[in-house]
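Analysis of the macromolecular model
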Amino acid sequence: MAEYRNSDGTTTYVEKRSNTGKVIGIILLAIVIVVGVLFATGFWSANVKGGSLPKINVSAKGGDMPDVDVHSKEVVVGTTKQSVTVPKVETKKTTIDVPTVGVKDDSK
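Residues numbered from 1 in each chain as written. Predicted model: local features only at pLDDT ≥ 70, side-chain atom pairs only at ≥ 80, totals over all residues. Heavy atoms only, no water.

Structural notes on the overall build of the protein chain
- On a plain count of helices and strands, the protein chain comes out with one helix and two strands.
- Each helix and strand of the protein chain, placed in order from N terminus to C terminus, yields the pattern β-β-α.
- For 108 residues, the compact-globule estimate of 2.2 N^0.38 gives 13 Å, and the protein chain exceeds it by more than 25% at 41 Å.
- Expressed as lengths along the three principal axes of its C-alpha atoms, the size of the protein chain is roughly 95 × 90 × 40 Å.
- When burial is assessed residue by residue, the protein chain has 1% of its 108 residues classed as buried.
- Working note: accessible area of the protein chain is about 12,300 Å², and carbon and sulfur atoms make up 58% of it. (Helix = DSSP H or I, 4+ residues; strand = E, 2+ residues; numbered from the N terminus. Rg over C-alpha atoms; globule rule 2.2 N^0.38 Å. Buried < 20%, exposed > 50% of the residue type's maximum accessible area, 1.4 Å probe, protein only. Areas by Shrake-Rupley, 256 points an atom, 1.4 Å probe, with all protein chains shown as cover.)

If you want it as structure tokens, here you go:
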């Protein structure tokens, strides 16, 4: 609710309502219409025929690990001697002029 002051000093209250529900309803209605048109034209179809899941035989004894036959590559890790160029970093001390900043008080 919003409060507005009129030029004559009276107050007018105006209730502002949100249109969010209406907008969401219109969007959902549009989606339903589009889906209906797609089904009606045959673009989408819901031909669901009987199917079955693949048959899997699972048997295990309590406490036993399952038998697994894995064919994988072997990872070989090691080192080899190589000659590489490494930069040499040196530091040396040198005296240079560095600018300074200060404040001078002009009091007499």
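Looking at the pairing of strand β1 (residues 2-5)
- Two strands pair when backbone bridges link them, and β1 and strand β2 (residues 11-14) are joined in this way by four bridges, in the antiparallel orientation. Among the inter-strand pairings, Y4 is bridged to a residue of β2, identified as T12.
- If you look at the hairpin formed by β1 and β2, you'll find five residues sitting between the two strands, and G9 has a positive phi there, around 95 degrees. (Pairing = 2+ DSSP bridges.)

A few points about the environment of G21
- Positionally, G21 belongs in helix α1 (residues 20-40).
- Residue classification places G21 among the exposed residues on the basis of a relative accessible area of 57%.
- The spatial distance from the C-alpha of G21 to the C-alpha of G51 is 41 Å, given a sequence separation of 30 residues.

Details of a nonpolar patch on the surface
- A cluster of nonpolar side chains, V23, I24, I27, L28 and I31, forms an exposed patch at the surface whose accessible area comes to about 460 Å².
- As for its placement among the helices and strands, L28 is situated in helix α1. (Patch = residues over 30% accessible without salt bridge, like charges linked within 9 Å, V, L, I, M, F, W, Y side chains within 5 Å. Salt bridge = Lys/Arg side-chain N within 4 Å of Asp/Glu carboxyl O.)

Let's talk about the confidence of the model for the protein chain
- Per-residue confidence for the protein chain gives a mean pLDDT of 83; residues scoring 70 or more make up 95%.
- Within the protein chain, α1 carries the highest mean pLDDT (91), whereas β1 carries the lowest (73). (pLDDT = per-residue confidence, 0-100.)

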